[in-house]
Amino acid sequence: MQIIKSIDSLRQTLAPLAKEGKRIGLVPTMGALHEGHGALIKASVSECDVTVVSVFLNPIQFGKNEDLDKYPKRLEADAKLAESIGADFVFAPSVQEMYPDGDPMTLVRDEQLESMYCGAYRPGHFRGVLTVVSKLFLISGANDAFFGEKDYQQVFLIEKMVKDLNFNIKIHRVKIVREESGLARSSRNEYLTDEERAQALGIYNGLKAAKVAYEAGERSVSKIRDTVVKSIVAARGVVQYVEVASQKTLQKCNGALGDEKAVILAAAFFGKTRLIDNMELN
Ligand code: AMP
């Protein structure tokens, strides 16, 4: 397994492999890898001939008051984990390598969905994500890319971008990997105290209760949302948003759910840590 830091050397390394007809899989990450990322890497290793894990803490997707500076960084451990799962390359460029002229003026945006759900509270976040992911697609020339459903709006926006802009890449969705307790794995879980970690289960428990209610016939969007909100509040979390959206369009559902498949999207603070989670209603 090789760590590559420059765009040129990644291109030079991958070009001959692509020429030989090798299928290249890309797993974009911000590092501090855990089992959630591990599932993405595993999926790529099983589907593709060559797996590239990118580790890049992308500054342009963080707001001014967000956790860019305190975000955990441990490239060596990340490389070891990626290697143990079978990755071939870790691409870990510097900010200077990715943005040599400072913040880019050419941006990829979804003008509608970038300001909904997480985007409403993180202005500029999704254009930062779509821009860096576009760069990584173009730099790697990957045939396949793997994203987690933990970031539901993100994978939806990436699939839409690929379709809208005709990127020649196949996007794979990987199911949420949870801790035994049910808490969705996240690099940000490291910020939680033991007490907050226990409280954070309020999100998952609420989503689970809402799903049970849905399966028992509940179709009222407001009742489904209330179930999740109450669970978060009872666990001493502070709700940022809980919404029910169409899986197909990601537009908000109101009133009563019909036949269209929906997903509950939630974000809440436990202490100073903001966590997101979601649950499909199928
Ligand atoms: P991040 O490093 O947080 O930007 O995440 C990189 C990729 O890993 C994204 O596609 C995430 O959706 C995915 N990911 C992070 N946590 C999980 C998880 N618990 N289960 C599945 N995928 C995850």
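Within each chain, residues carry numbers counting from 1 in the order of the written sequence. Local features in this predicted model are restricted to residues whose pLDDT is 70 or higher, and side-chain atom pairs enter the listing and the counts only when it is 80 or higher, whereas totals over whole chains, interfaces and linings include all residues. Note that water and hydrogens are dropped before the side-chain values are worked out from all heavy atoms of the structure.

What about the site of the ligand?
Phase 1 of the analysis: Being near a molecule or strand, for a residue, means having at least one of its heavy atoms within 4 Å of it. Looking at the ligand, there are 17 residues lining it, with H37, G148, D151, V177 and R185 nearest.
Phase 2 of the analysis: Any pair of N or O atoms that falls within 3.5 Å is considered a polar contact. Within protein, one atom must be able to donate a hydrogen and the other to accept it, and sequence-neighbouring residues count only if both atoms are side-chain atoms. Note that a nitrogen atom of the ligand is positioned 2.8 Å from one of the backbone N or O atoms of V177.
Phase 3 of the analysis: Of all elements in the fold, only β2 (24–29), α2 (35–47) and β5 (144–148) reach the threshold of two or more residues within the shell around the ligand.
Phase 4 of the analysis: It is α2 that contributes the most residues to the shell around the ligand, 3 residues altogether. Each helix is a run of H or I in the DSSP string that is no shorter than four residues. Each strand is a run of E no shorter than two, and both are numbered from the N terminus.

A word on the pattern of salt bridges
Phase 1 of the analysis: By convention in these notes, a salt bridge is any Lys or Arg side-chain nitrogen within 4 Å of a carboxyl oxygen on Asp or Glu. Scanning the entire structure with this criterion turns up 18 salt bridges.
Phase 2 of the analysis: The structure contains a network of salt bridges with shared partners spanning E149, E159, R173, K175 and E280.

Description of the packing of aromatic side chains
Phase 1 of the analysis: Classification of ring pairs uses Phe, Tyr and Trp, with its six-membered ring standing for Trp, and accepts pairs whose centres are within 6.5 Å; under 30 degrees between planes counts as stacked, over 60 as edge-to-face, and the remaining range as tilted. One pass over the full model with this rule turns up 6 aromatic pairs.
Phase 2 of the analysis: Between Y121 and Y241 the ring centres are 6.0 Å apart and the planes differ by 10°, which places this aromatic pair in the stacked class. Of this pair, Y121 sits in helix α5 (residues 118–121) while Y241 sits in strand β7 (residues 238–246), and the two are 120 residues apart along the sequence.
Phase 3 of the analysis: Exposure is judged per residue with a 1.4 Å probe applied to protein chains only, and the accessible area is read against the type maximum: over 50% gives exposed, under 20% gives buried, and values in between give partly exposed. Given a relative accessible area of 7%, Y241 falls into the buried group.
Phase 4 of the analysis: Centroid distance F137 to F147: 6.3 Å. Interplanar angle 70°. Geometry classified as edge-to-face. Pair noted here: F137 is in helix α6 (residues 125–140) and F147 is in strand β5, with a separation of 10 residues, a long-range link. The pair formed by F137 and F147 is uniform in burial state, with each residue classed as buried.

A look at unusual backbone geometry
In terms of backbone geometry, most residues other than glycine have negative phi values and most peptide bonds are trans.
Phase 1 of the analysis: Positive phi values are uncommon outside glycine, yet R236 reaches one of about 70°.
Phase 2 of the analysis: By the element assignment, R236 lies in the loop between α10 (221–234) and β7.
Phase 3 of the analysis: We note that L250 has phi near 60°; this positive angle belongs to a residue other than glycine.
Phase 4 of the analysis: With respect to the helices and strands, L250 occurs in the loop between β7 and β8 (262–270).

Digging into the environment of V174
Phase 1 of the analysis: Mapped onto the fold, V174 is located in strand β6 (residues 170–174).
Phase 2 of the analysis: Sequence spacing of V174 and D110 is 64 residues, and the spatial spacing of their C-alpha atoms is 22 Å.
Phase 3 of the analysis: In this structure, V174 is in contact with A39, L40, A43, F147, G148 and E149, ignoring residues within four places of it in sequence. Two residues qualify as a contact provided that any one of their heavy atoms is within 4.5 Å of a heavy atom in the partner residue.

Observations concerning the sheet that holds β5
Phase 1 of the analysis: In short, DSSP must find at least two bridges between two strands for them to pair. Read across the open sheet, the 6 strands follow the order β1-β4-β3-β2-β5-β6; overall the sheet is parallel. Looking at which strands have only one partner, the edges of the open sheet turn out to be β1 (2–4) and β6. Each strand of the sheet is rotated relative to its neighbour by a mean of 25°, with strand direction disregarded.
Phase 2 of the analysis: Inspection of the sheet shows strand β3 (residues 50–55) paired to strand β4 (residues 89–91) by 3 bridges, in the parallel sense. Lines fitted to C-alpha atoms define the axes here, with helix axes fitted over just the stretch in contact, and angles between the N-to-C directions of these axes take values from 0 to 180 degrees.

A few points about helix α9 (residues 201–215)
Residue pairs spaced three or four apart in an α-helix point in one direction, given the helix's 3.6 residues per turn.
Phase 1 of the analysis: For α9, spanning 15 residues, the distance from its first C-alpha to its last is 21 Å, which sits close to the expected 21 Å at 1.5 Å a residue.
Phase 2 of the analysis: Residues of α9 that are buried include every one of L201, G202, I203, Y204, G206, L207, A210 and Y214, and no others.
Phase 3 of the analysis: Tucked into the core, α9 has its buried residues touching α8 (194–199), α10, β8 and β9 (273–281).
Phase 4 of the analysis: Looking one or two residues beyond α9, the residue adopting positive phi is G217, at roughly 115°. To estimate how far a helix should reach, multiply one less than its number of residues by 1.5 Å.

Focus on the side chain of T273
Phase 1 of the analysis: Mapped onto the fold, T273 is located in strand β9.
Phase 2 of the analysis: The contacts of T273, once residues within four sequence positions are left out, are R188, Y191, L192 and A268.

Some words on the domain arrangement of the protein
Phase 1 of the analysis: Domain extents, as shown, originate in an automatic or database domain assignment. What the domain assignment reports for the protein is domain 1 (2–174) and domain 2 (187–281).
Phase 2 of the analysis: One C-alpha centre belongs to domain 1, the other to domain 2, and the line joining them spans 26 Å.
Phase 3 of the analysis: Between domain 1 and domain 2, the contact holds 24 residues from the first and 20 residues from the second.
Phase 4 of the analysis: Ranking the residues of domain 1 by area buried against domain 2 places Y117, Y121 and Y152 at the top, with a combined share of 36%.
Phase 5 of the analysis: Between D67 and R188 there is a salt bridge, with its nearest N and O atoms 2.7 Å apart.
Phase 6 of the analysis: Summed over the shared surface of domain 1 and domain 2, the number is 14 residue pairs in polar contact (both at pLDDT 80 or more).
Phase 7 of the analysis: Elements supplying a minimum of two residues to the side of domain 1 that touches domain 2: α5 and α7 (152–164).
Phase 8 of the analysis: Ranked by residue count, the leading element in the side of domain 1 that touches domain 2 is α7, at 3 residues. Put simply, buried area is how much 1.4 Å-probe accessible surface two parts lose in total, over both of them, once they are put together.

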